[in-house]
Amino acid sequence: MIDTRPVIILAFANSSSSPLHYLSEEIKRCNAAFNNISGKFQIRYLYEAKIEDIQNAIDETASRVVGFMYSGHANEQAIDTIGHGMSAIGLASQLGRCPNLIWVLLNGCCTGAHFEYFKVFSIPIFVGTQAPVNDQTATWFSTTFLQELINGADIANAFQTAIEKAQAYSTTSITRETRFLDDDIPKTPTNTWLLIVLTAEYLTWKLSAISHSQLNYIPNSYLKEFLYEKLSEWDDNIAGYESFEDAQGDILAKFPPFISKQIHNLCASRVEGITDSGEYFDQPTIERIGKMVGFYTAVQEILLSIALAELRDCFIDKSINYTKENNPFFFNQPARFNKIEWIIKAIEFKQTTGIPFFIEEIEDLTAKHKTLSALGQFFEELSLFYQKANPNAAVLEQKSLLAEQKLVELLGCCLFLTKYKFVSVKNIVVFKNRSKPKAQYDYKLSVYEWKGERQENPANLTNLNLHNEIPDNFSILILKDVELRDINEQLHQELYLNVSPFIIDPNVIYEKAPISNISFLDAYAENKLIYRSLYKMEDRRAIENTKEMKAVFRDLQEQITHFNNLFNPQ
């Protein structure tokens, strides 16, 4: 039977002329530690490692190698192997052939300099030394580091514990340093031990993150399983299907269209002989990473827009007075990718008013503040990775896997969105009278109900019944989960949340467009409002104070300015 377990290579090389007396103790302790996980990992021990031994081990298991450790004499340019030293560039080149390699530990003197050769392969985790270390200290560092990983510690904590253990066996002070891939390594090192990680999330990486199934990671497996199992708990129709693929139509229909479209793009699979204009991300590509960043951004902007709309509702519709002491600081903070703090502040501020939330579940996000903040930090770093990286296969696969797990975590916080409908003015009949010289915040939109057959461009309103007058200009409403035929009744009962001007759709400028094309407010200036598409982040829509767009621009700008002034009184 073929062994498909992940592989860890442990290479040891002693010297007859300058023997390392504690190397045998290191081997003994490594054997005992890895014996506990030998069922999950294949451990390749090279006790008297020659260059060809390392090459052969890599040749035989390259696609499964996830970790590599060397212990023995070393210098800034090479490691000692039996018979002939192996150059740093030679070792890096050999390990660079391992697409799933996650960590490298070079347990010898001055091996931190080797990182310059590993850097080109974007190895996620590298541990080495920046100065000579004695035999006993090195033994306790490596064995403690590995034992901590086996016990479930993350990289950062395993590294710190190993430093503390090694210090007990050293007569000189042991120092440490953590760096990131793009940092420059100082020519004159001042720290004994060096930990270099590709990006910050690898500081929390654990050995348990590696499994046989993850070496053969199939994109969307986590996302599909989560959506199917979670929504099956809520919906008997979905529970009646046997898999995500069978229930995909019903699952996507549960989400707002701009979210369901992104789920579809991520989860779609290529089918031979069938042509589809959608984008497919059924492989761990750098483009898929970008799509997942966009997915997170869309959800974040929706949460922010809902929170601000809930807050605006307090002031405009409920006549709540603003107090400067409770300033949530929304618009006097610079724009940034991670807006979780804005969301939480808006929710907390509305809580002080005592006014119930239209979307009751959004109030629960305050209890998930730490989780959401961590997600924001992760996707901010992933965005930078997407913009700059040209990763090897292992890094790309690990990034894709981690990003998909984080998306699942995000959706777990936001499944309440499936209980609400985002409705564009295209779904209800709205005639916008923009002839007034100056729009006001209580400006009315007339909502009509068709009596007979609907006409696209009626000459007059004789075939319509005036159904309701709705305060404020809007293009997007959020309704509780109802059929479209019930919308007018919902509006009549004022059971809606008006999320404009934070979110608009093309209908606000007299176009007809699908709801998935809605856009969020990205920036505003004296004569220009910039909105970005929730579905396609690179698409920007500018509404300017031109002759054609003057009325629309004025309505939106005054609403934005009014909201801004509530928190920043002039």
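Okay, so let's go over this structure. What you are looking at is a predicted structure, and each value in this text was computed from that prediction instead of being measured.

**Here we look at the pairing of strand S3 (residues 65–72)**
Moving on, step 1. The element S3 is extensively covered by neighbouring structure, given that eight of its eight residues are classed as buried.
Moving on, step 2. When strand S1 (residues 7–13) meets S3, the two strands line up parallel, connected through seven bridges. In the strand pairing of S3, Ala 13 is matched with Gly 72.
Moving on, step 3. As judged from the five bridges shared by S3 and strand S6 (residues 103–107), these two strands associate in the parallel manner. Of the residues in S6, the one forming a bridge with Tyr 70 is Leu 106.

**Section: the packing of aromatic side chains**
Moving on, step 1. What the rule picks out here adds up to eleven aromatic pairs.
Moving on, step 2. Taken together, a centroid distance of 5.5 Å and an interplanar angle of 45 degrees make the contact between Phe 118 and Phe 126 tilted. The same class applies to Phe 118 and to Phe 126, which are both buried.
Moving on, step 3. Consider the rings of Phe 378 and Phe 379, whose centres lie 5.0 Å apart with planes at 85 degrees: the pair is edge-to-face. Pair check on accessibility: Phe 378 and Phe 379 agree, each one buried.
Moving on, step 4. Site record: aromatic cluster; members linked through ring pairs are Phe 141, Phe 145, Phe 159 and Trp 193.
Moving on, step 5. Residue placement shows Lys 399 over the ring face of Phe 385; its charged tip is 4.6 Å from the ring centre.
Moving on, step 6. One residue, Lys 406, lies across the ring of Phe 378, its end atom 5.7 Å from the ring centre.

**With respect to the side chain of Glu 301**
Moving on, step 1. Relative to the helices and strands, Glu 301 is located in helix H12 (residues 286–316).
Moving on, step 2. In this structure Glu 301 touches Lys 339, Phe 520 and Leu 534, once residues within four positions along its chain are discounted.

**Considerations on the environment of Ile 476**
Moving on, step 1. Here Ile 476 lies in strand S14 (residues 476–480).
Moving on, step 2. Sequence separation between Ile 476 and Leu 497 is 21 residues, and the spatial gap between their C-alpha atoms is 8.7 Å.
Moving on, step 3. Every residue in contact with Ile 476, bar those within four places of it in the chain, is listed here: Phe 422, Val 423, Ser 424, Leu 497, Asn 498, Val 499, Ser 500, Ile 503, Ile 504, Asp 505, Ile 515 and Ile 518.

**A word on the pattern of salt bridges**
Moving on, step 1. In this structure the tally under the stated criterion is ten salt bridges.
Moving on, step 2. In this structure, Glu 60 and Arg 44 form a salt bridge, with 3.0 Å as the shortest nitrogen-oxygen distance. In this pair, Glu 60 sits in helix H2 (residues 51–61) while Arg 44 sits in strand S2 (residues 42–46), placing the two residues 16 residues apart along the sequence.
Moving on, step 3. For Glu 60, a relative accessible area of 54% gives the class exposed.
Moving on, step 4. Ionic pairing is found between Lys 350 and Glu 310, a salt bridge with its closest N-O pair at 2.6 Å. With Lys 350 in helix H13 (residues 340–353) and Glu 310 in helix H12, this residue pair connects regions lying 40 residues apart in the sequence. The exposure classification of Lys 350 matches that of Glu 310, with both residues buried.

Cut-offs applied
- Residues numbered from 1 in each chain as written.
- Predicted model: local features only at pLDDT ≥ 70, side-chain atom pairs only at ≥ 80, totals over all residues.
- Heavy atoms only, no water.
- Buried < 20%, exposed > 50% of the residue type's maximum accessible area, 1.4 Å probe, protein only.
- Helix = DSSP H or I, 4+ residues; strand = E, 2+ residues; numbered from the N terminus.
- Pairing = 2+ DSSP bridges.
- Phe/Tyr/Trp six-rings, centres within 6.5 Å; stacked < 30°, edge-to-face > 60°.
- Lys NZ or Arg CZ within 6 Å of the ring centre and 35° of its normal.
- Contact = heavy atoms within 4.5 Å.
- Salt bridge = Lys/Arg side-chain N within 4 Å of Asp/Glu carboxyl O.

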